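In case you want the letters, here they are:
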Amino acid sequence: MKEYDAIIVGSGAAGGIVACVLAEAGKHVLLLERGRELSFADVGRDHLRNQRLAIYGHNAGPELNGNPRVFVDPQGRSRIVRPHELDYHNNAACVGGGTRVYGAQAWRFHPDDFRMATKYGVPRGSSLADWPITYETLEPYYERAEWELGAAGDGRTINHQVPRRRNYPLPPVPPSPQTSALEKGASRLGWVTTPVPLLINTEPYQGRAACIACKYCVGFACPTDAKNGSQNTVIPRALATGNCELQTSAIAASIDVDSQGNVKGVTYFVEGVAVRQSALAKVVVVSGGAIESARLLLNSRSHHSPAGLGNEHDQVGRNLQGHLYPRAYGLSTTKVFDGVGPGVTIATTQFSHDNAGIIGGGMLADDFIKPPIDFWYDSLPPDLPRWGIRNKEFMRDNYTRVMHVRGPVQDIPNPDGRVTVDAAMRDKWGIPVARLSGTTHPATVEAAEFMRERGEEWLRASGCEKVWSAQPGLILSGRQHQAGTCRMGKDPKTSVTDEWGRVHNHDNLFVVDGSLHVTNGGFNPVLTIMALAFRSGEYIARQF
Amino acid sequence: MKSETLRAVVNCLIPADEFPGAYEAGVCDYLRKLFETDLRDDAEFFTTGLESIELEARARFGEPFASLIPEQQTITLEAIQYGDVLSSWQISRQRFFEMLVCTTTEGFYSEPQQGGNRGAVSWTMTGFEDQVNP
């Protein structure tokens, strides 16, 4: 049986970084990825089958057949869901994970995002808590993520007093006609704005080309490889050391323990190989994303851990969260679409916190370019007929005149939004699948409603003659921003890991990904996932 | 799938103006392929729905759907959309109409390679496609 210093399960935003840090520290690493390595052509440009609009399928895994989950709706009815359905709460399964096809917004969390319970108290029914670390602890690692992967932005205009030692390595994306309209609107309202930070090469960086401003960013792969994810930054670095073995199409079935209950390795299946394989390691790092990481721990049962590894206090899989996304639209009197991607340019962080009567808040930004069919599904006014000549005329006249504002709202977690493993349903390997249930807390919906109103207000102030909006209700919010299922904390009764991601009472088992997030910020979470991965990776390299 | 009915139905959903209607853009070809592949399990359901449109058109106006004037076609489809039908429906009217509108629109606005947006007409129409930044 092969033996490694470390086995890392998952090559996404976190797993790729941990692999890189360990391999560069001289550790011998096995990086397991359940998906394949996808070329630009593999991902393609199918408008109906991508990670943003997945009507008949999607483009970055997992495969539609053989990978079911069970979803339990708020009325308690359960059903089997396939990977491209919304209720599957998919994140891409391929080398690079979600970063292969993400929009790459590179926000740091606000300092108050790390102390939500102290700032707001704990609403009844919620599991709101402080992080065991502060923004200041994470700041150097945010900087590492920005510089080592490559982020574009303007550090001077991020207005929420986030202390920052160093600016972004790359200048922000250029403004579009929509940007100046929204800038003027915000200034009329007395709101501050900032360019949206993105992990995109606005100039050539680290040997790769610059963004060519195409119309296919979020949901797709980049034609010039200018979008910075794990697959084109840290994983190549890890492989270049010669210390990291990347095994694709390999799904972990369980984390193995010895007769004393100590973690000793991982058992996994490789596509095309009928028998399962096992490998040994001094340390195991679980980086499968909030749903799959929880599933793997829960499926790793022994007589020492009958309810799954790290689950002595029934915490693994709880507090599943993501973000609700209020959306507002306005009809501009002039053309605001110039076909220059990625499309997202300007944001306001005016409402991240300190909103009267609201717990938390959120960020609002303009949007990535939407292909026309995505626009038709997402962005039409509710009083417009969905077919006939009026619908066609609206598409003809207004596709280039609709301004878009949306953003993630700080999720107020609760223990009933959760991942368990289904008692009956198994995937094609025979591994019990994730069962998702619960919703976010009503306080999240209140914050989202507040942010939806701010979105409408912004568009009206920006000169839109007609404004409309859409608001998600009380739903489970995981999806691509999934987080929270193995939260870090000081008390083993209310958390799964310590501040390094080390599973309580298991010296050599770590979770490193969005699962660790105690709360998920009012921002896209990926840069925080990356910062935590650099920090935990350094720690693990020192310990093993 | 009776082609003259389908042709008339998709052109009622997305009519021709200075830009082609759904049929001229290739949506019927798109739908034929879709119901042979991703939606093959719904092909029979969809065909039954189209036959039901025919029955409704005849019950309402005594003519095949394709022979009706545009206003009568619109009235027929609105009757089906809002449940004000004269014919009896053996399948879920709501589910069929949702599928009809969505699949037709998907064909018309998705990329030309899928078959329903010939010459990228809807992209030119919306302004999604331009010369500067294809």
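Residues numbered from 1 in each chain as written. Chains lettered and ligands numbered in written order. Predicted model: local features only at pLDDT ≥ 70, side-chain atom pairs only at ≥ 80, totals over all residues. Heavy atoms only, no water.

Q: So what exactly am I meant to see when it comes to the overall build of chain A here?
A: The helix and strand inventory of chain A stands at eleven helices and 17 strands. Dimensions along the principal axes, computed over C-alpha positions, put chain A at roughly 70 × 50 × 50 Å. With 544 residues in all, chain A has 67% of them scored as buried. Considering only contacts in chain A between residues 6 or more positions apart, those separated by 24 or more positions represent 73%. For chain A, the accessible area works out to roughly 18400 Å², and carbon and sulfur atoms hold 49% of it. Computed over 57 positive and 55 negative side-chain charges, the inter-centroid distance for chain A is 3 Å. (Helix = DSSP H or I, 4+ residues; strand = E, 2+ residues; numbered from the N terminus. Buried < 20%, exposed > 50% of the residue type's maximum accessible area, 1.4 Å probe, protein only. Contact = heavy atoms within 4.5 Å. Areas by Shrake-Rupley, 256 points an atom, 1.4 Å probe, with all protein chains shown as cover. Lys, Arg positive; Asp, Glu negative; His and termini not counted. Charge placed at Lys NZ, Arg CZ, Asp CG, Glu CD.)

Q: Please clarify how the nonpolar core should be interpreted in this entry.
A: Nonpolar side chains in soluble globular proteins tend to end up buried together. Counting residues in each nonpolar core, the largest one holds 108 residues, and the members touching the most others are A:Leu199, A:Ile255, A:Leu297, A:Leu509 and A:Met530. Here this core gets eleven residues from one element, more than from any other, and that element is helix H11 (residues 526–543) of chain A. Setting aside its immediate chain neighbours within four residues, A:Ile255 contacts A:Val263, A:Gly265, A:Val266, A:Val284, A:Val286, A:Leu296, A:Leu297, A:Ser300, A:Leu309 and A:Leu509. Of all hydrophobic cores here, the second largest spans 61 residues; its members include A:Leu48, A:Trp468, B:Ile14 and B:Ile91. (Core = buried A, V, L, I, M, F, W, Y, C linked by side-chain atoms within 4.5 Å.)

Q: What is the right way to look at the pairing of strand S1 (residues 3–9) of chain A in this model?
A: Two faces belong to every sheet, and in a regular strand the side chains alternate between them. Residue and element names in this part refer to chain A. Counting buried positions along S1 yields six of seven residues, so the element is predominantly enclosed. With six bridges connecting them, S1 and strand S9 (residues 277–286) associate as parallel partners. Bridging across to S9, Val9 finds its partner in Val286. One crossover worth recording links S1 to the parallel strand S2 (residues 29–32) by way of helix H1 (residues 15–24), and it is right-handed. (Pairing = 2+ DSSP bridges. Right-handed = clockwise from strand over helix to strand, strands pointing away.)

Q: So what exactly am I meant to see when it comes to the packing of aromatic side chains here?
A: The relative placement of two aromatic rings is captured by the distance of their centres and the angle of their planes. In total, this model carries 28 aromatic pairs over all chains according to the counting rule given. Ring centres of A:Phe269 and A:Trp429 lie 5.2 Å apart, and the angle between their planes is 15 degrees; this geometry places the pair in the stacked category. Remark: A:Trp429 occurs in the loop between strand S14 (418–426) and strand S15 (432–437) and A:Phe269 occurs in strand S8 (residues 263–270); sequence separation between them is 160 residues. The rings of A:Tyr216, A:Phe220, A:Phe337, A:Phe375, A:Tyr399, B:Trp123 and B:Phe128 are connected pair by pair, giving a single aromatic cluster. One Lys or Arg, B:Arg95, reaches over the ring of B:Phe45 and ends 4.4 Å from the middle of that ring. (Phe/Tyr/Trp six-rings, centres within 6.5 Å; stacked < 30°, edge-to-face > 60°. Lys NZ or Arg CZ within 6 Å of the ring centre and 35° of its normal.)

Q: In this structure, what is going on with the pattern of salt bridges? I would like to understand it.
A: Opposite charge on two side chains makes pairing possible when the charged atoms of those side chains draw close. All names here are of chain A. Applying the stated criterion across every chain yields a total of 54 salt bridges over all chains. Of the charged contacts in the structure, one is a salt bridge between Asp314 and Arg418, with a shortest N-O distance of 3.3 Å. Linking Asp314 in the loop between helix H7 (289–298) and strand S10 (327–331) with Arg418 in strand S14, this pair joins segments that are 104 residues apart in sequence. On the basis of relative accessibility, which here comes to 18%, the residue Arg418 falls in the buried class. A single network of salt bridges, built from pairs that share partners, joins Arg52, Arg327, Asp367, Lys370, Asp374, Asp378 and Arg406. (Salt bridge = Lys/Arg side-chain N within 4 Å of Asp/Glu carboxyl O.)

Q: I would appreciate a short explanation of the packing of helix H5 (residues 177–189) of chain A against helix H10 (residues 442–461) of chain A in the present structure.
A: How two helices sit against one another is set out by the angle between their axes and by the gap between those axes. Residue and element names in this part refer to chain A. It is the contact of H5 with H10, at a shortest axis distance of 7 Å, that shows an interaxial angle of 105 degrees. Taken together, the axes of H5 and H10 are roughly perpendicular relative to one another. Seen from H5, the contacting residues are Leu182, Gly185, Ala186, Arg188 and Leu189; seen from H10, they are Glu457, Trp458, Leu459 and Ala461. (Axes fitted to C-alpha atoms, helices over the stretch in contact; angles between N-to-C directions. Parallel < 35°, antiparallel > 145°, perpendicular 65-115°, else oblique.)

Q: What exactly am I supposed to notice about the environment of A:Glu312 here?
A: All names here are of chain A. Locating Glu312 in the fold gives a position in the loop between H7 and S10. Residue Glu312 is classed as partly exposed on the basis of its relative accessible area, which comes to 43%. Separated by 173 residues in the primary sequence, Glu312 and Thr485 place their C-alpha atoms 14 Å from one another. With sequence-adjacent residues up to four places away left out, Glu312 is seen in contact with Ser305 and His506.

Q: Help me understand the interface of chain A and chain B in this model?
A: Many descriptions give the size of an interface as the accessible area lost when the pieces come together. On the side of chain B, 39 residues touch chain A, which itself brings 33 residues to the contact. Taking both partners together, chain A and chain B bury about 2700 Å²; carbon and sulfur atoms supply 58% of that area. Where chain A meets chain B, there are five salt bridges. Measuring nitrogen to oxygen at the nearest pair gives 2.8 Å for the salt bridge that ties A:Lys392 to B:Asp17. (Buried area = accessible area lost by both parts, 1.4 Å probe.)

Q: Help me understand helix H4 (residues 43–61) of chain B, please; the structure alone is not making it clear to me.
A: An α-helix turns once every 3.6 residues. As a result, residues three or four positions apart point the same way. All names here are of chain B. Compared with an ideal rise of 1.5 Å per residue, which puts 19 residues at 27 Å, H4 spans 27 Å between its outermost C-alpha atoms and is within 8% of the ideal. Every buried residue belonging to H4 is among Phe45, Phe46, Thr47, Gly49, Leu50, Ser52, Ile53, Glu54, Glu56 and Ala57, and all of these are buried. Close packing links the buried residues of H4 with helix H1 (3–13), helix H5 (70–82) and helix H6 (93–109). Residue Gly62 follows H4 closely and has a positive phi angle near 70 degrees. (Expected span 1.5 Å × (residues − 1).)

Q: What am I meant to see in the confidence of the model for chain B here?
A: Should the pLDDT be low somewhere, the predicted coordinates at that spot are not to be read in detail. Taken as a whole, chain B shows an average pLDDT of 95; of its residues, 95% reach a score of 70 or greater. Across the whole predicted complex the pTM is 0.98, and at the interface the ipTM reaches 0.97. (pLDDT = per-residue confidence, 0-100.)

Q: So what exactly am I meant to see when it comes to the packing of H1(B) against H6(B) here?
A: All names here are of chain B. The contact between H1 and H6 brings their axes to 10 Å, and the two run at 80 degrees. Our classification of the angle between H1 and H6 gives roughly perpendicular. Taken together, the residues of H6 that come into contact with H1 (itself represented by Val9, Val10 and Leu13) are Leu100, Val101 and Thr104. Of the residues that constitute the contact of H1 with H6, the class distribution is five nonpolar, one polar and no charged. (Nonpolar A, V, L, I, M, F, W, Y, C, P; charged D, E, K, R; others polar.)

Q: How do you make sense of the sheet that holds strand S3 (residues 69–72) of chain A when you look at a structure like this?
A: The pairing of strands in a sheet comes from backbone hydrogen bonds and takes either a parallel or an antiparallel form. Residue and element names in this part refer to chain A. Spatially, four strands are ordered S4-S3-S15-S14 in an open sheet, and the strand pairing comes out mixed. Pairing within the sheet leaves two strands with one partner each, and these edge strands are strand S4 (78–81) and S14. Between one strand axis and the next, the sheet turns by 35 degrees as a mean value, whatever way the strands run. Across the sheet, H7 is in contact with S3, S14 and S15; its angle to S14 comes to roughly 60 degrees.

Q: In this structure, what is going on with unusual backbone geometry? I would like to understand it.
A: Of all residues except glycine, most have a negative phi; of all peptide bonds, most are trans. Residues and elements named next belong to chain A. With omega at 0 degrees, the peptide bond leading from Gly61 into Pro62 counts as cis. Mapped onto the secondary structure, Pro62 falls in the loop between helix H2 (40–43) and S3. Going from Gly341 to Pro342, the amide bond is cis rather than trans, its omega being 5 degrees. Within the chain, Asp225 stands out as a residue other than glycine whose phi angle is a positive 60 degrees. With respect to the helices and strands, Asp225 occurs in the loop between strand S5 (194–195) and helix H6 (234–240).

Q: Mind showing me how you'd approach the pairing of strand S13 (residues 402–406) of chain A here?
A: Residues and elements named next belong to chain A. A large share of S13 lies buried, amounting to five of its five residues. On S13, burial covers both faces: Val402, His404 and Arg406 on one face and Met403 and Val405 on the other are all buried. Here five bridges tie S10 to S13, and the two strands are oriented antiparallel to one another. Residue pairing across strands places Leu331 opposite Val402, the latter belonging to S13.

Q: What is the right way to read H6(B) from this model?
A: Between its terminal C-alpha atoms H6(B) stretches 24 Å, which fits the 24 Å expected from 17 residues at 1.5 Å a residue. With 14 of 17 residues buried, H6(B) is to be regarded as a mostly interior element.

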